[in-house]
Amino acid sequence: MYTLRADEFFADPGFPLAIASRDPQPLFPIHTHDFSELVLVIGGTGVHFTEEGQYQVIPGDAYIINGDLAHGYKNLDDLVLINIIFQGAGLGIPDRDLSSIPGYHLLFTIEPAYRYRDRFQSRLRLSPQELDRARNLTEAIERELSDQNPGYQFMARSYFLQLIGFLSRAFGDGDGSGIARQRYRLGKVISYMEHHRDRMIRIEELTGISGSSESTLLRDFKRITGSSPLEYHLRIRISRACELLRSSSFSITQVAFETGFEDSNYFSRQFKRIMDVPPREYRRHHFGTPIAPHSPGRSR
């Protein structure tokens, strides 16, 4: 097994976005990479395989491949792919508004976690019209990256954000199979957390959104994020506190109140547990630095 490296694809390491079109896709042995891919299946068929399993891909399929996933393609029949290669943190993704779309969490977090358990039934499949729209946006990205006219990085990033927003909305409102509806409700749970960074939430609120029991929600949520729902939400609030410490003149107590902590001492303890430094020291080292997108990710 080998690893594809970002420096093989990104002309500017400071702008981690590239397009790799495969027409047709060659046989590709199992591999990993140190970037993410958004894959659009444009034509033909093939089998995408990993160490966990395999599934057939057909035109209209759209899915995310995270860099640490060992994967490849086989049994190809004129398979045509467009791979959008990127590193989200370097592009400022996600922003808060994008995170408010349940389909965003389906695309980037939930579907990859459940891909083989669901037998790929919760994937995003675009209609021919939607696929044309997605393809037009990738062509716009590719033109900007190729021509490199002044402002091309801004323009390429803006088209990429449009593409992600479009695909996230294309997941719809949970229509389709029971599996798709269930996964969509998990996306709504995460979006609800993103919208309530300024207060504590109760598990009862989340079970109401998910339509599942507390035990089922806890099990499913830990599977996709590595943590409990309330711990995940706490990390979102701490990420918001980091933004305020970097960019505002609020006191530590004010930052605590702005992120839903009634006790500033408790806030400081939780902040240090998650960030490894107290909030005052964090501010001293980071005040005025750019705010990176938050990613609570898996508990460490």
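Right, let's walk through the structure included here. Remember, predicted model here, so these are calculated numbers, not experimental data. (Residues numbered from 1 in each chain as written. Predicted model: local features only at pLDDT ≥ 70, side-chain atom pairs only at ≥ 80, totals over all residues. Heavy atoms only, no water.)

## What about the nonpolar core?
Selection rule: Side-chain atoms within 4.5 Å link the members of a nonpolar core, which is a set of buried Ala, Val, Leu, Ile, Met, Phe, Trp, Tyr and Cys residues. Accessible area is worked out with a 1.4 Å probe on protein chains only. A residue is then buried under 20% of its type maximum, exposed over 50%, and partly exposed in between. Here a strand is any run of E in DSSP of at least two residues, a helix any run of H or I of at least four, and the numbering for each starts at the N terminus. It only takes one pair of heavy atoms within 4.5 Å for two residues to be counted as in contact.
Formed by 51 residues in total, the largest nonpolar core has its most connected members in Leu17, Leu40, Ile84, Phe160, Leu163 and Leu167. With seven residues, the top contributor of residues to this core is helix H4 (residues 152-170). Residue contacts for Phe160: discarding those within four places in its chain leaves Leu17, Leu38, Ile84, Phe86, Leu91, Ile93 and Ile141. The next biggest cluster of nonpolar side chains, apart from the first, holds 19 residues, and it includes Ala18, Val39, Leu79 and Leu81.

## A word on helix H7 (residues 214-225)
Rules: To estimate how far a helix should reach, multiply one less than its number of residues by 1.5 Å.
With twelve residues, H7 should cover 16 Å at 1.5 Å per step; its first-to-last C-alpha distance of 16 Å lies within 8% of that length. Where H7 terminates, the next one or two residues include Gly226, which has phi positive at roughly 85 degrees.

## Describing the pairing of strand E6 (residues 61-65)
Which entries qualify depends on this criterion: Two strands pair if DSSP finds at least two bridges between them.
With five of five residues buried, E6 is to be regarded as a mostly interior element. The two faces of E6 match: Asp61, Tyr63 and Ile65 on one face and Ala62 and Ile64 on the other face are all buried. By the bridge criterion, four bridges tie strand E4 (residues 36-50) to E6 in an arrangement that is antiparallel. Considered in E6, the bridge of Val39 is made with Tyr63. Bridge count between E6 and strand E8 (residues 124-125): two bridges; the pairing is antiparallel. Looking across to E8, one finds that Ala62 is bridged to Leu124.

## As for the environment of Gly165
Within the secondary structure, Gly165 sits in helix H4. Relative accessible area serves as the criterion here: at 13%, Gly165 is assigned to the buried category. Sequence-wise, Gly165 and Tyr104 are 61 residues apart; in three dimensions their C-alpha atoms are separated by 7.4 Å. Once you skip the residues sitting within four places of it in the chain, Gly165 turns out to touch Leu98 and Ile101.

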